[in-house]
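# A look at the structure
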Amino acid sequence: MRREPRSPRPGWEQTVLQSGLPFHTETLPDGSRLPCWNESAAYVLTSHEVDYLEDVTEELHAMCVAAARHVLEKGDVERLGIAPRWARPMLETLENESPSVYGRFDLAWDGTGDAKLYEYNGDVPAALLEAAVLQWQWLEDVHPDRDQFNTIHERLVQTWQRLAPRLGGQVHFAHSVDEPDEDIITTAYLRDTAAEAGLPTVGLTMEEIGWHSGIRRFVDLSDVPIDSNRRPGTRVPGE
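Keep in mind the model is a prediction, meaning the values are calculated, not measured.

### Thoughts on the overall build of the protein chain
Assigned secondary structure in the protein chain consists of six helices and 10 strands. Once the C-alpha set of the protein chain is aligned to its principal axes, its extents read approximately 60 × 40 × 40 Å. Looking at the 239 residues of the protein chain, the share that counts as buried comes to 30%. For the protein chain, contacts bridging at least 24 residues in sequence account for 58% of all contacts bridging at least 6. Roughly 15100 Å² of accessible area belongs to the protein chain as shown, and the carbon and sulfur atoms make up 51% of that amount.

### Observations regarding the side chain of Glu 39
Summarising the element assignment, Glu 39 is placed in the loop between strand S3 (33-35) and strand S4 (41-44). Assessed through its relative accessible area of 4%, Glu 39 is described here as buried. Polar side-chain contacts of Glu 39 include one of 2.8 Å to the side chain of Trp 37. In this structure Glu 39 touches Arg 6, Ser 7, Pro 8, Arg 9, Trp 12, Val 16 and Trp 138, once residues within four positions along its chain are discounted.

### A closer look at unusual backbone geometry
In the Ramachandran plot, Ala 127 falls in the positive-phi region, its phi being about 70° despite a non-glycine side chain. With respect to the helices and strands, the residue Ala 127 is situated in the loop between strand S6 (116-121) and helix H4 (128-142). For Asp 223, which is not a glycine, the phi torsion comes out positive at approximately 65°. Classification of Asp 223 as partly exposed rests on a relative accessible area of 25%.

Cut-off values and rules
Residues numbered from 1 in each chain as written. Predicted model: local features only at pLDDT ≥ 70, side-chain atom pairs only at ≥ 80, totals over all residues. Heavy atoms only, no water. Helix = DSSP H or I, 4+ residues; strand = E, 2+ residues; numbered from the N terminus. Buried < 20%, exposed > 50% of the residue type's maximum accessible area, 1.4 Å probe, protein only. Contact = heavy atoms within 4.5 Å. Areas by Shrake-Rupley, 256 points an atom, 1.4 Å probe, with all protein chains shown as cover. Polar contact = N/O pair within 3.5 Å; in protein donor to acceptor, adjacent residues only side chain to side chain.

In structure tokens form, the structure reads like this:
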């Protein structure tokens, strides 16, 4: 593994903006501009190194799922801020296969020895669009003769297809109206991948989610319960 300097593409700001990344540059308090999407360097890995990192992340993910299952079965869930009554429903989601869509591992590795895990961000993992789309577009523009082990987009589509039986045929995607652009764009991109997988999707904001007191369920603007077991377009009883 090595880090190589690169010259940014001419007009790269407009290129990544057209690909859906408006926050490509941050303006600092002193007025200077710092690229958040940085094309001044690239990391080059061998196929062996790529295979190693893939194996490591698969193993770490399995360990995290096993740890979550252990805590829910035998641990003190209240210490983690989880009400005991939710332990069983949470455990049921792990009975067959973890229903994870995606997450981000932050690793430290110099190409030798064992990779070290800093963090597994499975709550609000950032940089999804950059990793799944922009990196591939950069490679096509700069090094069309080279390959990139990047199947994030394809795997997201496959994951939605795999999870479809558990989702009731319809998936709601929501973000708050005052969320940063990054969260809004990530939500929109995930919705696109679900739609590509053939799932009917609904987009709304968190503020638009309603509560139906009759059935004690959260519903969308069409009074459709936000559920993982309901047919698309099915309204609540009596509506």
